[in-house]
Amino acid sequence: MSKRIQAKHKLDRRMGQNIWGRPKSPVNRREYGPGQHGQRRKSKMSDFGTQLRAKQKLKGYYANITEKQFRRYYAEAIRLKGDSGENLVGLLERRLDAVVYRAKFVATPFAARQFVNHGHVKVNGRRVNIPSYQVKAGDVIEVKEKSKQLEVVVVASQLAERDVPDYIEVDHSKMTACVTRIPTLSEVPYAVQMEPNLVIEFYSR
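The rules behind these values
- Residues numbered from 1 in each chain as written.
- Predicted model: local features only at pLDDT ≥ 70, side-chain atom pairs only at ≥ 80, totals over all residues.
- Heavy atoms only, no water.
- Axes fitted to C-alpha atoms, helices over the stretch in contact; angles between N-to-C directions.
- Helix = DSSP H or I, 4+ residues; strand = E, 2+ residues; numbered from the N terminus.
- Parallel < 35°, antiparallel > 145°, perpendicular 65-115°, else oblique.
- Left-handed = near helix turned anticlockwise from the far one by under 90°.
- Contact = heavy atoms within 4.5 Å.
- Nonpolar A, V, L, I, M, F, W, Y, C, P; charged D, E, K, R; others polar.
- Core = buried A, V, L, I, M, F, W, Y, C linked by side-chain atoms within 4.5 Å.
- Buried < 20%, exposed > 50% of the residue type's maximum accessible area, 1.4 Å probe, protein only.
- Salt bridge = Lys/Arg side-chain N within 4 Å of Asp/Glu carboxyl O.

(A) Focus on the packing of helix α3 (residues 67–79) against helix α4 (residues 84–93). At their nearest, the axes of α3 and α4 sit 8 Å apart, and the two run at 130° to each other. Relative to α4, the element α3 lies oblique. In the crossing of α3 with α4, the sense of the turn from one axis to the other is right-handed. Residues Phe70, Tyr73, Tyr74, Glu76, Ala77 and Ile78 of α3 form the contact with α4, whose own contacting residues are Ser84, Asn87, Leu88, Leu91 and Leu92.

So this is what it looks like as structure tokens:
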């Protein structure tokens, strides 16, 4: 088992939730935390603990991005006009690796980050290999011609476990996607409830 898969399973078990809605999550077999005392960890959480958990869950969902990077998203979210929690989700969903994942070009957020890193993706005709690149509404994302027949791409596009959300238009015959608008929290197809407002509260302390 690779370290990446172990990390995904560890997060699922720590949270006691199937974060990405994957059929192979260990939480599908047992809904308690890891370790011999995992079944006893059901005590009431403090406000700080609840906020920390919300932050770990949201940060982990996007392939466990670094704390430094996640804090930058928070700073930008509170700088923008409007609801800071909604802004935070919008910034995360605009990440290039997030769009690649949502478009079903690959199966997981972790695979999406690696896919972008390895130069398989173009934005508006230009190769971009930065997973955190911020996609704008109207941008066209496409899989490079030589990469379209990769097994990970072909398999992911046929996955029945999730659908492409309404704010992304995808043509799997051409392996292109276009973000039509920046989504609101209610539009993002998270497999579990995300609470970006608690993340904002955590950093605002």
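Still more to cover.
(B) Highlighting the packing of α4 against helix α8 (residues 196–204). Interhelical geometry of α4 versus α8 gives an angle of 105° and a closest axis separation of 8 Å. Relative to α8, α4 is oriented roughly perpendicular. Judged by residue contacts, Ser84, Gly85, Leu88 and Val89 of α4 engage Pro196, Asn197, Val199 and Ile200 from α8. Per-class residue counts for the contact of α4 with α8 are five nonpolar, three polar and no charged.

(C) Looking closely at the nonpolar core. Core analysis: the biggest nonpolar cluster contains 45 residues, and Leu58, Leu96, Val100 and Ile141 have the highest contact counts within it. Excluding its chain neighbours within four sequence positions, the residues that come into contact with valine 100 are Phe105, Val106, Ala112, Phe115, Val116, Val121 and Ile141.

(D) Summary view of the pattern of salt bridges. Going through the model one piece at a time under the given rule, you end up with six salt bridges. Its salt-bridge partner being glutamate 67, residue lysine 55 comes within 2.9 Å of it at the nearest N-O pair. Placement of the pair is lysine 55 in helix α2 (residues 47–61) and glutamate 67 in helix α3, with a sequence separation of 12 residues. In this structure glutamate 67 comes out as partly exposed when scored by relative accessible area, which is 29%. Aspartate 97 is paired through a salt bridge with arginine 95; the nearest N and O atoms lie 2.9 Å apart. Arginine 95 shares its class with aspartate 97; the two are buried.

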